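# Results of the structural survey
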2 protein chains.
Amino acid sequence: MIINDKVKDNSTSAPHVVIIGAGFGGLWAARALADKAVNVTLIDKNNYHTFLALLYQVAAAELEAEQIAYPIRSIFRRQKNIDFILAQVKKINIQKQIIETDGGLIRYDYLIMAAGSVTEAFGIKGVEEHAYFLKTLEQAIALKNHIICCFEAAIHEKNETRRRELLTFVIVGGGATGIEYAGALAELIHGPLIKDYPKISLQDVQIILVEAADNLAAGMPQKVRDYTFKKLSEMGVHVRLNTKVREVTPSRVILHDQNDLLSATVVWTAGVRGDEIAHLSDIKTGRDGRVTVKPTLQAHESSNVYVIGDLAAIRESDRVLPMVAQVAMQSGVAAAKNILRQITGQSPEPFRYNDRGAMITIGRRAAGVSIGNKTFQGFFAWFIWLVIHLFNLIGFRNRVMVLINWAWDYLLYERALRFVFPSCTSSFSPSSYCSRTSDTRSKIIK
Amino acid sequence: MIINDKVKDNSTSAPHVVIIGAGFGGLWAARALADKAVNVTLIDKNNYHTFLALLYQVAAAELEAEQIAYPIRSIFRRQKNIDFILAQVKKINIQKQIIETDGGLIRYDYLIMAAGSVTEAFGIKGVEEHAYFLKTLEQAIALKNHIICCFEAAIHEKNETRRRELLTFVIVGGGATGIEYAGALAELIHGPLIKDYPKISLQDVQIILVEAADNLAAGMPQKVRDYTFKKLSEMGVHVRLNTKVREVTPSRVILHDQNDLLSATVVWTAGVRGDEIAHLSDIKTGRDGRVTVKPTLQAHESSNVYVIGDLAAIRESDRVLPMVAQVAMQSGVAAAKNILRQITGQSPEPFRYNDRGAMITIGRRAAGVSIGNKTFQGFFAWFIWLVIHLFNLIGFRNRVMVLINWAWDYLLYERALRFVFPSCTSSFSPSSYCSRTSDTRSKIIK
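Residues numbered from 1 in each chain as written. Chains lettered and ligands numbered in written order. Predicted model: local features only at pLDDT ≥ 70, side-chain atom pairs only at ≥ 80, totals over all residues.

Before going further, it helps to examine the sheet that holds strand E2 (residues 39-44) of chain B. Residue and element names in this part refer to chain B. The sheet built from 5 strands is open, its strands ordered E5-E2-E1-E9-E20 with parallel pairing. The open sheet has two edge strands, strand E5 (82-86) and strand E20 (305-307), and neither has a second partner. Ignoring strand direction, the axes of neighbouring strands in this sheet form an average angle of 20 degrees. Pairing between strand E9 (residues 110-113) and E20: 3 bridges, direction parallel. Opposite Leu111, over in E20, you have Val305 as the bridge partner. Contacting strand E1 (16-20), E9 and E20, helix H10 (residues 325-343) runs over the sheet at an angle of about 165 degrees to E20. (Pairing = 2+ DSSP bridges. Helix = DSSP H or I, 4+ residues; strand = E, 2+ residues; numbered from the N terminus. Axes fitted to C-alpha atoms, helices over the stretch in contact; angles between N-to-C directions. Contact = placed C-beta atoms within 7 Å.)

Residue and element names in this part refer to chain B. One way to put it is that helix H2 (residues 24-33) packs onto H10 with a least axis distance of 7 Å and a crossing angle of 35 degrees. Two packed elements cross with a definite hand, and for H2 against H10 that hand is right-handed. For the pair formed by H2 and H10, the contact residues are Phe24, Gly25, Gly26, Trp28, Ala29, Ala32 and Leu33 on the first element and Ala325, Ala328, Met329, Ser331, Gly332, Val333, Ala335, Ala336 and Lys337 on the second. (Left-handed = near helix turned anticlockwise from the far one by under 90°.)

What follows is about helix H9 (residues 222-234) of chain B. Residue and element names in this part refer to chain B. When the terminal C-alpha atoms of H9 are compared, their 18 Å separation across 13 residues agrees well with the 18 Å that a helix rising 1.5 Å per residue should span. When H9 is considered as a whole, its buried residues turn out to be Val224, Arg225, Tyr227, Thr228, Phe229 and Leu232. Of the surrounding elements, those touching the buried residues of H9 are helix H8 (176-196), strand E12 (206-210), strand E13 (237-240), strand E24 (358-363), strand E25 (366-371) and strand E26 (374-378). Looking at the residues trailing H9, positive phi occurs at Gly236, about 95 degrees. (Expected span 1.5 Å × (residues − 1). Buried ≥ 20, exposed ≤ 12 C-beta atoms within 10 Å, placed from the backbone.)

All right, on to the domain arrangement of chain A then. Many authors give the size of an interface as the accessible area that is lost as the parts come together. All names here are of chain A. For chain A, the domain assignment lists domain 1 (5-119 + 272-343) and domain 2 (127-270 + 364-431). For domain 1 versus domain 2, the distance between C-alpha centres works out to 30 Å. Listed by partner, the interface residues are 23 residues for domain 1 and 28 residues for domain 2. Elements with a minimum of two residues in the side of domain 1 that touches domain 2: strand E3 (48-50), helix H3 (55-59), strand E4 (69-71) and strand E10 (117-119). Examining the composition of the side of domain 1 that touches domain 2, we find that 5 residues originate from one element, H3, more than from any other. Each residue belonging to the side of domain 1 that touches domain 2 can be placed in one class, and the counts come to 16 nonpolar, 5 polar and 2 charged. (Domains from an automatic or database assignment. Nonpolar A, V, L, I, M, F, W, Y, C, P; charged D, E, K, R; others polar.)

Here it is in structure tokens:
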């Protein structure tokens, strides 16, 4: 093991805990192991932690990507027993206790799998190829770029059908992400974009939220669900319930009832499944890619492998716990504590989830909060949402920056981040990226 | 012409001025034509203006890319006679007065070419392929990513030579960009990065600034040049004067004296040349790609084509004006005024440059300023630099955000932006990007 001198003394004796994934689950697990008698290695394919709860705001040009990310090394700078490795996991051998990564091999004594979830397309044709997703920063940036390109292309577009496609935005999935993005997108378009593109009339723009079930925000109290529906409608979002998607093409959403929605932008938030990482080991998963764990969060296949967060299907009395940040954080801490128990010869304890409630934000000064038996809607709920999200962001600087951007947006109805933004690869050109959105090559545009 | 209803009334009579490039020159030209009896179309391949003077700070993880960019449409939201088109110019026919773009054709009555400059490799082998540049936001982000990846790779690297390559950073060119980046990089590494990577000793890191001439900061007074040299040396930058580069490889800088510098990072700031746009028309350029214009800034080939900023070689008594923002802004305004004179039947006037001085910043509280016969160094010069740069940033929000980041950096010696950051293309993966930096595939790293 390569470790720095200070830890080396006890490195032969201290067990090595490897955590895969630096999301909420992995980070909280690592924190619970900080300064304990273990050596911890945290692995992630990014060198930053992403505050996924605000990802939709990056895709709506409200926050900068940098503001919801935080460098992992900085988080654990003072914890000498926690090391970080930037790597992609290729294979996990739970018999030999070795992880193969694109950066080399890593041996572990205890493993916490915290790789989270990925988008689930349910095998629906065209989703993988043509829809936009909201699970990573890359995807959020790509979606934002695409939205702006649709407006750039629409002002030169003479073909009425193509113009309608460019100005219709379909969001599939009426869960938290779909609702929050629909609201944020409506505010982006109705505010700054309409001012930026005076040639485009608001009547030509359509935002459609499609949900297969008969109501939005499953899991929230009925009062919050009704409020959400009403608020979104007021904001100009067309909510279509009981509507199932059959296929997505570059310019259409084909529905089960044979109706088509013309749209160049389909944002797919209809489902998630466990990350593929379990398939890189011998650990079995359900159809949703999640690992059914023991009550102690251990995998059935190996008592020194723990699975937490979105990747774990944690059964509690009659339900499987939802894939939310609260479950990830709490299960991360529980797994860490159980490993410390195992090391000291005690037996691991079953995980107990402490449900602190749920919240959803629809837009500026509009949110729904459910805590225990109580529900709140409107401004007060939005204020609670704002404070909790600010508080949970990592890093004081990020909090200040986000607060400024929100002040800009909520008070001035302005968003400063409407860039078609450069990528890290030098071959990317915004103008050619946008021109792919519409073929106007031989037209006289001016 | 597609224009909105309000302007349409006078569109048949008002002449159409097209400006190519929304840098300092193009933007200032457009501003001078705002609300005048002309229709203006501004073309750029990005939908944002970049404040290039602070680009090196993006590459040093000090500022976010979004903070030195501003959406062009927002700048001219209230000017009904100014339109923006996001497009790449493919060809310019100065006889027919038509511009061919990837978005369609554009006719003009008057043309202002303000496409700026690009990096000049002087035909030196390997520069285009292996060096990093500092002329665009994409390049700045790619360079920042690469620096962090070098540190990520170095902690696992057992080969001593490869480790030295990864931790040696060579900047070629002792002009303003090279000096400013060397200083900012030294502060990034000596501060936050050394804290983030406790396994890397500062003794193993080298920053080398290579300059072919016998002094840094050509064009500045000797006092400022001496101060710059002294300050950089104090900050741990090895300045090598009279040193010419013969070739750049992925791991070496081969010098004319046959010595090699081992380095995986070569930042090329040794020269710029006029953008290739002049070659897309019949307008002649010099060897440096710049267009030698008449004293009125008109092209010799066509009296309704103006060339300004870095793209123009503007002769003034015995010198050609330098490629700096001040020349670009002033020549932009002058070209706009000359077009308005031509339209009203007056003859264009020769351009006169008002030199307001020059400044260079080396680091935290260290800069050199030259105004007329006076020079200032140190904290006071740095304070002037800070105020002027903040003032020239477009957008109040950007100013606030930049000020916060600077406060973070200058007061807390901390930089929050050390991400290997996602690109817009979904295929980009930071861990695979970084693993290209070092081949550690089959090693046991932990």
